[in-house]
Amino acid sequence: MNCFYQRMSVGGTMRLFSAYTCRTFGSGVVQPFQGSGFYVHSNCPFTLTRFTHNRVECDVSIRRGNSGLVVQVEIIINKVRTVLQNGSILVEDKSVSLPYDHTYQHIFQYGIYTKLRSSLLPLSVTWHSVAGGIDTLWVRALIDTRKADIHTL
């Protein structure tokens, strides 16, 4: 588990939060929030992570191409669907340009990466695009461990 603990005061009460990072890179390496990394070589779509935090649902699914690069990412947060495909970013089936600022999410360049930051969840999705797809993608969530329901591949 790639995790650290941070004490935060919420409404005057100290709570224990954990920062979880789930990532995929190369031609199929997957490092889940918890447990050991593993290799998946498939061009079938699969759920990288799914969780609910404070009744807000998050689902991140990926599909790799024959080369092993990620060719499609679907991020659904509170029923808002964002798709990364063919070098484009679609939010609710409409192509967007960067920086993209929406009530629920912000998408922007982050050095050589692109980052989606949710304003509903303490969550970000960061990826690196190359010719033919995405070679690195990670999901980082700061979660109150007493309230979260986290599932990963």
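Going along each chain's sequence as written, the residues are numbered from 1 onward. Thresholds applied to this predicted model are a pLDDT of at least 70 for local features of residues and 80 or more for the giving and counting of side-chain atom pairs; totals over whole chains, interfaces and linings are not thresholded and use all residues. Side-chain numbers come from the whole structure's heavy atoms, not from hydrogens or water.

As recorded in an unreviewed UniProt entry, the protein goes by the name VWFD domain-containing protein, listed as coming from Neolamprologus brichardi.

**Student:** Any chance you could explain the environment of Cys-44 here in plain terms?
**Tutor:** Helix and strand definitions follow DSSP, with helices as H or I runs of at least four residues and strands as E runs of at least two, each counted in order from the N terminus. In this fold, Cys-44 is placed in the loop between strand S4 (38-39) and strand S5 (46-53). As for Cys-44 and Arg-64, which are separated by 20 residues in sequence, their C-alpha atoms are 7.0 Å apart. Contacts between residues were defined by any pair of non-hydrogen atoms, one from each residue, lying within 4.5 Å. When sequence neighbours within four positions are dropped, the list of residues in contact with Cys-44 reads Ile-62 and Arg-63.

**Student:** Just to check I follow, could you spell out the pattern of salt bridges for this structure?
**Tutor:** A pair can form between side chains of opposite charge whenever their charged atoms are brought close. Criterion for a salt bridge: a side-chain nitrogen of Lys or Arg within 4 Å of a carboxyl oxygen of Asp or Glu. Under the counting rule described, the total for this entry stands at 3 salt bridges. A salt bridge links Glu-74 to Arg-81, with the shortest nitrogen-to-oxygen separation between them at 2.5 Å. Relative accessible area serves as the criterion here: at 30%, Arg-81 is assigned to the partly exposed category. Among the ionic contacts, a cluster of salt bridges with common partners joins Glu-74, Arg-81 and Asp-93. Relative accessible area decides the class of each residue, using a 1.4 Å probe on protein chains only: under 20% of the type maximum gives buried, over 50% gives exposed, and in between gives partly exposed.

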